[in-house]
Amino acid sequence: MAGRELDIILTHERTDFDALASLLGASLLFPEALPVLPRQMNRNVRDFLALYKNHFRFIAPDDMPRGKVRRAILVDTRAANSPKGTQADTEYIVIDHHAALAESNLLSESRKLLPQAHELWCGATGANTTLLVEKLIEHAIDVTPVEATLLALGIYEDTGNLTYASTTSRDAAALAWLLEPTRGVNLSEVNEFLHHPVTDEQRALLHVLMDACEFLEIEGHSIIITMARAPGFGDELSTLAARLRDFHEPDALFVVVDLGDMVQVVARSTTDSVDVGRIAQALGGGGHSRAAAAHMRDVTLESVRARIEHLVRTHARVALTVGQIMSAGRPHMLHPDMSMAEADELMRRFGHEGFPVVAEDETGKETLVGVLTRREVDRTLSHGMGDQPVRRFMRAGAYTVRPDDSIPTLRRRMIESNWGQIPVVDGDGAIIGIVTRTDLIKLWDESSLPHRRADELAARLRRALTPVQLHLLALIGREVDAMNYDVYVVGGFVRDLMLDVVSRRALTLDVDIVIEGDAIAFARRMQAKYGGRIVEHKRFGTAKWLLTRRDAPARVDALLAGLENANPADLPPHLDFVTARTEFYSAPTVLPTVQQSSIKLDLHRRDFTINTLALCLNPDRWGELLDAWGGLADLRARLVRVLHSLSFVDDPTRILRAVRYEQRFDFTIEPRTLELLNDALELLDRVTPARIRHELERILQEETPEKAMLRLDDLQILRQIHPALTMTPTMARQFAQLRALRQAENADPLLTTEPIERLYFAILAFGWSGEESRAVQERLGLRHETQRLLNSMVILHRYLPTLMQPTARPSQIAQILDQVQPVCLVIFPIVCDDPTANEHVRRYRAEWRDIQPEISGDDLRRMGIPRGAIYREMLAALRMGRIDGEIRSRADELALIEQMALIK
């Protein structure tokens, strides 16, 4: 045996079921390897093995045969006690799901511990056992009922019965495979060993730890650190940690026990904001973000406790508060004596599902007395009781929260009250906002929480903007903060930032800046401090701050103070400040009525969810992303979705915008949104020509507008605007050809100086009749410049048979093409591939267009010919004769003039 080479499988000490199940899984995948049990195992694991050890190939460390260890397979750990026989050239395979380090860093770290770590298996799973079960499935290796039961124990234990935040669909899939009837998992045994009773020794230590609990408040989180001395304690501490966590319900718990030869730390967390795995790693241990442990020697309880508190204060993220998710601003409120019919009108107008009900006391102070929801209103009206007062049907009570209250506090308040909307009050009890069940549900997607995105978005801002632009936004954030307002960049700029699209908005800082407060007052403040000029629109609560006007320039030195090497040319020409507002429409397609509101309601008035993202500019929340309406999820799913079912009814131009965004980003219009779009097509007939034209021009200004135009045609939107409007695959190719000609090095200046959307309109018009062209021009309210191009294309198409006629006289061609705008002649070869017609156009542009007679109108006057229309006829006849080659000299021209004068 002395010369034998061994393959062994190892796991960590104080083994739990996930580690033992991983040991089993690896032994099934590597049947030649010896699975070596650790010396210390949790009591429930030891008890399980006492019953079922004979069903496995596990061996005790002392029973390992002598020999050189050729390969060591480590499961659920990156370091293990090295048994006898390991050599400098021993190869290691690491199978570890812990996600404390990224995969590349994990391999690097493994190699620091184990220089020969030749292979690494890892993955984002809640249980390490899952990685092994997936390999068993892949290699079609079946298991016995006892093996399946142990593997299931590993997954259930390390995922908290599939409830921990680290649980993934992969864990559920692996467990589903094990639970198939053919594998015979014994769920009674699973339940027995997952809920093992505590021993008398554990119970005694639990009482000590319970009495020693120290409660800390760190970054808004409730933290418990409890310590005890228990030399010789032989049971696991994880069970005690679970009991303490369930009793006190803290955000994080640290159990620190001096066992005599070492200090053991067991940590549990109920929030990803306190990553106990990261903290345990700093203590020399490891684990998950929700469950971890560490063992230390030559340390004192007090030093470990101090180290833990320091690590928590260093790594814990600030807890989310009510103030971060509420809709700020004074909400709409009802009076108890208001009728239910009046309450119904307000709910319909603003789209809310409930309102606080407030009454005034003797001093005139408002007091919350209840809430009224849509359910009560609908039931009351269905019984014909709309004239009854609100107080009769409201849910009475005075449940409130404060902005700095925690989310668990909010949850408890909602459960206590059964209210779906809880008013938020300040220190004086005044209602300053509202928070709803929907706000809580949105917290389920933690990737969209502000603290998860702030650093990332701040970095994206630095990449997307120039130093001057970034400085300007930061300055706005500070100045708004000084007025106790909140300020956000909203809409397309934030959407493009999330998509990593470098847009024109970023290049010019063309952004909407929404202020939860008085935007006009803020604009006046900025003008007073930094100059410039403001243009106010009081009806909508907006102000435009003009920075580069010569008659009222901004004071650049003050504006860019503190910014080194600033380039004033990077200043935007203007910035738009908008008061957060809500809108309601009194009728379809009309302009909305506007009222000041909160940022969340301001975002709700926007067209699509992907445009409802907001980026906070206040210094203490710089870069936080507000995703109140699911925009981030739809960006990830690549969907265009309206916010409510009346969106296209309120503004039918959103139909065109939906298609523009869908095709620009290669998204898909969400099915229900597409259904609503189709239902609202007829409402386009009510939209003014200018608004339709504006949306079409925006589409034609896209990089590849043919995609959107084809989609508009496919959805019958173009013909709804006017039956003559169509888009075909041939036209799409012509659009692309036009762009190629404009971008060529030797591009014709006529092409490059004309706005491209007009040229696209010209391509669309080739094939229209004069009547159709006039009707489209009227429907779209096209500008005169565009009308001239369309009329030219109509002429070209009308006389196409003549242009295609090889025997056509040059003068015939000239008479036709003289009526056409020069740029239309440049694009004619794009829309017509007839060689004869194109040759005629080429010769007209190169030769015939510039041919003129020698005799002028002054010559005709000197010849005694009376002024009148005859001048135009004679000069035209002379030019046509020259073009046809029938007139070659001045003498020929004089002869023709004399002949025409005699006839007249």
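For the structure, check the block above.
Not measured: the values here are computed from a predicted model. (Residues numbered from 1 in each chain as written. Predicted model: local features only at pLDDT ≥ 70, side-chain atom pairs only at ≥ 80, totals over all residues. Heavy atoms only, no water.)

Novice: Sorry, what's going on with the overall build of the chain here?
Specialist: Each helix and strand counted, the chain has 43 helices and 28 strands in total. Taking 2.2 N^0.38 as the reference for a compact globule, 904 residues should give roughly 29 Å; the C-alpha atoms of the chain span a radius of gyration of 39 Å, well beyond that estimate. Each principal axis of the C-alpha distribution contributes one length, and for the chain these read about 135 × 90 × 65 Å. Burial status across the chain gives 53% buried among its 904 residues. For the chain, contacts bridging at least 24 residues in sequence account for 66% of all contacts bridging at least 6. As presented, the chain carries roughly 41,100 Å² of accessible surface, and 49% of it is formed by carbon and sulfur atoms. (Helix = DSSP H or I, 4+ residues; strand = E, 2+ residues; numbered from the N terminus. Rg over C-alpha atoms; globule rule 2.2 N^0.38 Å. Buried < 20%, exposed > 50% of the residue type's maximum accessible area, 1.4 Å probe, protein only. Contact = heavy atoms within 4.5 Å. Areas by Shrake-Rupley, 256 points an atom, 1.4 Å probe, with all protein chains shown as cover.)

Novice: When you look at the pairing of strand β19 (residues 512-516) in this model, what are you seeing that I'm missing?
Specialist: Successive residues of a regular strand alternate their side chains across the two faces of the sheet. Most of β19 sits inside the fold, with four of its five residues counted as buried. Examined bridge by bridge, strand β18 (residues 486-490) and β19 share five bridges and lie antiparallel to one another. When the bridges of β19 are listed, Val487 appears paired with Ile515. (Pairing = 2+ DSSP bridges.)

Novice: Would you take a moment to explain the nonpolar core for this structure?
Specialist: Considering soluble globular proteins, one finds that nonpolar side chains tend to be buried as a cluster. Core analysis: the largest hydrophobic core is formed by 123 residues, its most contacted members being Ile476, Leu559, Phe577, Ile717, Leu796, Leu817 and Phe828. In contact with Phe577, other than residues within four places in its own chain, are Ile476, Ile513, Ile515, Ala519, Phe522, Ala523, Gly541, Thr542, Ala543 and Trp545. Counting 45 residues, the second largest nonpolar core, distinct from the first, contains Phe17, Leu28, Val133 and Ala174. (Core = buried A, V, L, I, M, F, W, Y, C linked by side-chain atoms within 4.5 Å.)

Novice: Which parts of the structure should I look at to understand unusual backbone geometry?
Specialist: Glycine aside, the phi torsion of most residues is negative, and most peptide linkages are trans. Of note in the backbone geometry, Asp298 takes a positive phi value of approximately 60 degrees without being a glycine. Note that Asp298 resides in the loop between β11 (291-296) and α11 (301-315). For Asp298, a relative accessible area of 82% translates into the label exposed. The backbone phi angle of Asn418 is positive, close to 60 degrees, even though this residue is not glycine. Along the chain, Asn418 falls in the loop between α16 (407-417) and β16 (421-425). Using a relative accessible area of 49% as the deciding quantity, one classes Asn418 as partly exposed.

Novice: In this structure, what is going on with the packing of aromatic side chains? I would like to understand it.
Specialist: Aromatic ring pairs are described here by two measures, namely the spacing of the ring centres and the angle between the planes. All chains considered together, the criterion is met by 15 aromatic pairs. Considering the side-chain rings of Phe48 and Phe193, the 5.4 Å spacing of their centres and the 85 degrees angle between planes classify their relative orientation as edge-to-face. With a gap of 145 residues between them, Phe48 in helix α2 (residues 43-52) and Phe193 in helix α7 (residues 187-194) connect regions that are remote in the sequence. One aromatic cluster is present, built from ring pairs that chain together Phe17, Phe48, Tyr52, Phe56, Phe58 and Phe193. Above the plane of the ring of Trp121 lies Lys135, whose end atom (NZ or CZ) is 5.0 Å from the centre. Geometry around Tyr661 places Arg660 over its ring, the cationic atom sitting 5.1 Å from the centre. (Phe/Tyr/Trp six-rings, centres within 6.5 Å; stacked < 30°, edge-to-face > 60°. Lys NZ or Arg CZ within 6 Å of the ring centre and 35° of its normal.)

Novice: What should I look at first to understand helix α38 (residues 810-817) in this one?
Specialist: An α-helix turns once per 3.6 residues; consequently, residues spaced three or four apart project the same way. Buried within α38 we find Ser811, Ile813, Ala814, Ile816 and Leu817. For α38, the elements touching its buried residues are α36 (784-798), α37 (800-803), α39 (822-831), α40 (835-846) and α42 (869-884).

Novice: Can you walk me through the pairing of strand β20 (residues 533-537) in this structure?
Specialist: Pairing of β20 with strand β21 (residues 542-546) involves five bridges; the strand directions are antiparallel. When the bridges of β21 are listed, His537 appears paired with Thr542.

Novice: What should I look at first to understand helix α9 (residues 238-248) in this one?
Specialist: Taken as a whole, α9 has its buried residues at Thr239, Leu240, Ala241, Leu244 and Arg245. Where α9 is buried, its residues contact α8 (200-211), β7 (221-229), β8 (252-258) and β9 (263-269). In the segment just after α9, Glu249 is the residue with positive phi, at about 55 degrees.

Novice: Even after reading the chapter, I still don't get the side chain of Asp158, so can you show me in this structure?
Specialist: Within the secondary structure layout, Asp158 lies in helix α5 (residues 145-158). Despite being buried, Asp158 has no salt bridge partner; Arg268 is the closest side chain of opposite charge, sitting 7.5 Å away. Residues contacting Asp158, with those up to four places away along its chain left out, are Asp16, Asp18, His97, Gly126, Ala127, Asn128, Tyr164 and His288. (Lys, Arg positive; Asp, Glu negative; His and termini not counted. Salt bridge = Lys/Arg side-chain N within 4 Å of Asp/Glu carboxyl O.)

Novice: Would you mind going over the environment of Ile422 with me for this structure?
Specialist: Along the polypeptide, Ile422 turns up in strand β16. A sequence separation of 66 residues divides Ile422 from Pro356, and the C-alpha atoms of the two residues are 8.1 Å apart. Every residue in contact with Ile422, bar those within four places of it in the chain, is listed here: Tyr399, Thr400, Val401, Leu410, Arg413, Met414, Ser417, Ile434 and Val435.

Novice: When you look at the environment of Leu473 in this model, what are you seeing that I'm missing?
Specialist: On the secondary structure map, Leu473 appears in helix α19 (residues 467-482). For Leu473, a relative accessible area of 1% puts it in the buried group. For the pair Leu473 and Met880, spaced 407 residues apart in sequence, the C-alpha separation works out to 65 Å. The residues contacting Leu473, other than those within four sequence positions of it, are Leu465, Val489, Leu509, Ile513, Leu617 and Trp622.

Novice: How do you make sense of the sheet that holds β16 when you look at a structure like this?
Specialist: Note on sheets: strands pair through backbone hydrogen bonds, and any given pair is parallel or antiparallel. Pairing in this open sheet of three strands is antiparallel, and the strands run β12-β17-β16 from one edge to the other. Two strands close off the open sheet at either side, each with one partner strand: β12 (327-328) and β16. As paired strands, β16 and strand β17 (residues 431-436) are joined by five bridges and run antiparallel to one another. If you follow Val424 over to β17, its bridge partner there is Gly433. Seen against the sheet, α16 touches β16 and β17 and runs at an angle of roughly 130 degrees to β16. (Axes fitted to C-alpha atoms, helices over the stretch in contact; angles between N-to-C directions.)

Novice: Would you mind going over the pattern of salt bridges with me for this structure?
Specialist: If charged atoms from side chains of opposite charge come close, those side chains can pair. Under the counting rule described, the total for this entry stands at 62 salt bridges. Asp884 serves as the salt-bridge partner of Arg809, at 2.9 Å between the closest nitrogen and oxygen. Taken as a pair, Arg809 in the loop between α37 and α38 and Asp884 in helix α42 lie far apart in primary sequence, 75 residues in all. A relative accessible area of 37% means that Arg809 is categorised as partly exposed. Through salt bridges with shared partners, one network takes in Asp607, Asp651, Arg657, Arg660, Arg691 and Glu695.

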